[in-house]
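Summary of structural features
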Amino acid sequence: MIDLRSDTITRPTEEMRRAMYEAEVGDDVFGEDPTVRKLEEKAAEILGKEAALFVTSGTQGNQIAVLTHCQPGNEVLLEEDAHIFYYEGGAISAFAGVQTRTIKGYRGQINPHDLKKAIRGDDIHFPETGLICIENTHNRAGGAIVPIENMCEIHQIATDFNIPVHLDGARLFNASAELEMPVSTFTQHTTTVQICLSKGLGAPAGSIIAGDQDFIKRARKWRKRLGGGLRQVGVLAAPGLIALTEMAERLKEDHVRARRLADGLKDLPDVEILNEVDTNIVVVDISNTSNSVEELLAALKMQGILAVPFGPTTIRLTTHHHITDEDIDQTIKTFHQLLQTV
Ligand code: TLP
């Protein structure tokens, strides 16, 4: 199968599996797992923050950040297609008791003027703005890189109003690899950050959240409350360390393949590529074909290609570690065959 559903499907490398076997472990709830400690120290260093915490998933990391930053009744500002708003099952309201206020963005970027307008004033009727969330790369904007200048402007406004900024950096390493800039160049414009080890970086599970010492201390408590305090979890931190230190550079290969895929599909008369391909995601609109999304996905699957629905008339194709040049050729060929015959 050519599995283009997500970069989450990447399996751990041989080296990761060996590291899992050999990992030194202890009880991490007691703070005694040396491999977790090593991962958290390394992550804090790379992300340019005082401290870091290993959490089970990107969703858990984002939710812990919201819980730690906010009080019930706060309002959280986010771009209208942000993963925290769109894909986390309403957890932000269910757990943190906050309400969301979404802002229409452009390629994942929040316009600083719109942000300023959305921040609440001091009025007895209003919720307090407790947090601003940004996302880089932006998933639903097709893996778009949010420019550092935009992050900087958002951060400046947030600082003026004394509001923290949380970055959902599930795919931040894709942005950093593509622009050849350290991740800390991005995270310097945020209060806290979440990064996923288990997407393009290839670890089997886990994310990191990072921020100052006080934030991480309080986040650790939220992780425990949510049942995310794990024990001999060095077996997962060990591949996480390899993901963090050795897998980032190769992400550029995924971006080159995604662009080649988009180029190969864009000549199909009834197909439109909706995104400029900055990183590893291609969003394809098929509304002008005679196929529904379900029909096309089923037909692709019959030909050994997997993708995911991304909207009523769109599908998403995501490149990653296990996708080769031949897979891209095969996918382009299959699309041409299917859409010219179905
Ligand atoms: N995204 C998944 C699905 O949830 C849609 C995917 O296949 O892209 N932030 C961003 C920007 C994400 O894209 C994701 C996962 C998460 C957070 C959540 O990470 P996990 O899956 O580890 O909870």
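Summary of the structure given here. (Residues numbered from 1 in each chain as written. Predicted model: local features only at pLDDT ≥ 70, side-chain atom pairs only at ≥ 80, totals over all residues. Heavy atoms only, no water.)

Description of a nonpolar patch on the surface
Taken together, Phe85, Tyr86 and Tyr87 make up a surface patch of nonpolar side chains, about 280 Å² in accessible area. Assignment of secondary structure puts Tyr87 in the loop between helix H4 (83-86) and helix H5 (91-96). Tyr87 gets classed as partly exposed once you look at its relative accessible area, which sits at 35%. (Patch = residues over 30% accessible without salt bridge, like charges linked within 9 Å, V, L, I, M, F, W, Y side chains within 5 Å. Areas by Shrake-Rupley, 256 points an atom, 1.4 Å probe, with all protein chains shown as cover. Salt bridge = Lys/Arg side-chain N within 4 Å of Asp/Glu carboxyl O. Helix = DSSP H or I, 4+ residues; strand = E, 2+ residues; numbered from the N terminus. Buried < 20%, exposed > 50% of the residue type's maximum accessible area, 1.4 Å probe, protein only.)

Quick word on the pattern of salt bridges
Pairing of side chains with opposite charge becomes possible as their charged atoms draw close. Going through the model one piece at a time under the given rule, you end up with 21 salt bridges. Linking Arg223 and Asp28 is a salt bridge whose minimum nitrogen-to-oxygen distance equals 3.4 Å. Here Arg223 is found in helix H10 (residues 213-225), whereas its partner Asp28 is found in the loop between helix H1 (14-22) and helix H2 (34-47), with 195 residues between them in sequence. For the residue pair Arg223 and Asp28, the accessibility class agrees, reading buried in each case.

Examining the site of the ligand
Near the ligand, the surroundings consist of 16 residues, among which Ser6, Gly58, Thr59, Asp168 and Arg171 are the closest. Contact between the ligand and Gly58: an oxygen atom at 2.8 Å from a main-chain N or O atom of the residue. Between Lys199 and the ligand, the recorded distance is 2.9 Å, taken from a side-chain N or O atom to an oxygen atom. About the coverage of the ligand: the protein hides 82% of its 510 Å² of free accessible area. The dominant element in the shell around the ligand, judged by the number of residues it contributes, is helix H3 (residues 58-69), at 3 residues. A per-class count over the shell around the ligand returns 3 nonpolar, 7 polar and 6 charged. (Near = heavy atom within 4 Å. Polar contact = N/O pair within 3.5 Å; in protein donor to acceptor, adjacent residues only side chain to side chain. Nonpolar A, V, L, I, M, F, W, Y, C, P; charged D, E, K, R; others polar.)

Some thoughts on helix H12 (residues 251-265)
Relative to the 21 Å expected for 15 residues at 1.5 Å per residue, H12 spans 22 Å between its end C-alpha atoms, a close match to the ideal helical length. All of the buried residues along H12 are Leu251, Asp254, His255, Arg257, Ala258, Leu261, Ala262, Gly264 and Leu265. (Expected span 1.5 Å × (residues − 1).)

Concerning the packing of helix H8 (residues 172-179) against H12
Relative to each other, H8 and H12 sit at 85°, their axes nearing to 8 Å. It follows that H8 is roughly perpendicular to H12 by the angle criterion. Along the contact surface, H8 presents Phe173, Asn174, Ala177 and Glu178, while H12 presents Leu251, Lys252, His255 and Arg259. Among the residues forming the contact of H8 with H12, the class breakdown is 3 nonpolar, 2 polar and 3 charged. (Axes fitted to C-alpha atoms, helices over the stretch in contact; angles between N-to-C directions. Parallel < 35°, antiparallel > 145°, perpendicular 65-115°, else oblique. Contact = heavy atoms within 4.5 Å.)

Structural notes on H10
Between the first and last C-alpha of H10 there are 19 Å, a value that for 13 residues agrees with the 18 Å anticipated at 1.5 Å per step. Those residues of H10 that sit buried are Phe215, Ile216, Ala219 and Arg223. Along the axis of H10, the buried residues cluster in a sector spanning 90°; they form a single face. With respect to the buried face of H10, the exposed residues turned more than 90 degrees away are Gln213, Lys217 and Lys221. Contacts made by the buried residues of H10 are with H2, strand S2 (51-55), H3, strand S7 (192-196) and strand S8 (207-211). Looking one or two residues beyond H10, the residue adopting positive phi is Gly227, at roughly 80°. (Arc of directions from axis to C-beta.)

A closer look at the packing of H1 against helix H11 (residues 234-246)
Packed helices, taken two at a time, are described by the angle their axes make and the gap between the axes. Contact pair H1 / H11: the axes reach a minimum separation of 7 Å and the direction vectors enclose 145°. When you trace H1 past H11, the crossing you get is right-handed. Contact residues: Glu15, Met16, Ala19 and Met20 in H1; Val235, Leu236, Ala238, Pro239, Ile242, Ala243 and Glu246 in H11. Residue classes in the contact of H1 with H11 are distributed as 9 nonpolar, no polar and 2 charged. (Left-handed = near helix turned anticlockwise from the far one by under 90°.)

A short note on the sheet that holds S7
Taken in spatial order, the 7 strands of this open sheet run S2-S8-S7-S6-S5-S3-S4, and their pairing is mixed. Strands with a single pairing partner mark the edges of an open sheet, and in this sheet they are S2 and strand S4 (99-103). Sheet twist, expressed as the average angle between the axes of neighbouring strands with direction ignored, equals 20°. When strand S6 (residues 165-169) meets S7, the two strands line up parallel, connected through 4 bridges. Each bridged residue has a counterpart across the sheet, and for Leu167 the counterpart in S7 is Val193. Where helix H7 (residues 148-160) meets the sheet, it contacts strand S5 (129-135) and S6, and its direction lies at approximately 175° from that of S5. (Pairing = 2+ DSSP bridges.)

Here's the deal with the pairing of strand S10 (residues 281-285)
Counting buried residues along S10, 5 of its 5 residues qualify, which places the element largely inside the surrounding structure. Across 2 bridges, strand S9 (residues 272-273) lies against S10 in antiparallel orientation. Paired with Glu272 across the two strands is Asp285, which belongs to S10. When S10 meets strand S13 (residues 314-318), the two strands line up antiparallel, connected through 5 bridges. Among the inter-strand pairings, Val283 is bridged to a residue of S13, identified as Arg316.

What about the sheet that holds S10?
Spatially, S9-S10-S13-S12 is the arrangement adopted by the 4 strands of the open sheet, whose pairing is antiparallel. Whereas interior strands pair on both sides, the edge strands pair on one side only; in this sheet they are S9 and strand S12 (308-311). Against the sheet, H12 touches S9, S10 and S13, its axis set at about 20° to S10. Lying over the sheet, helix H13 (residues 293-302) contacts S12 and S13, oriented at roughly 35° with respect to S13.

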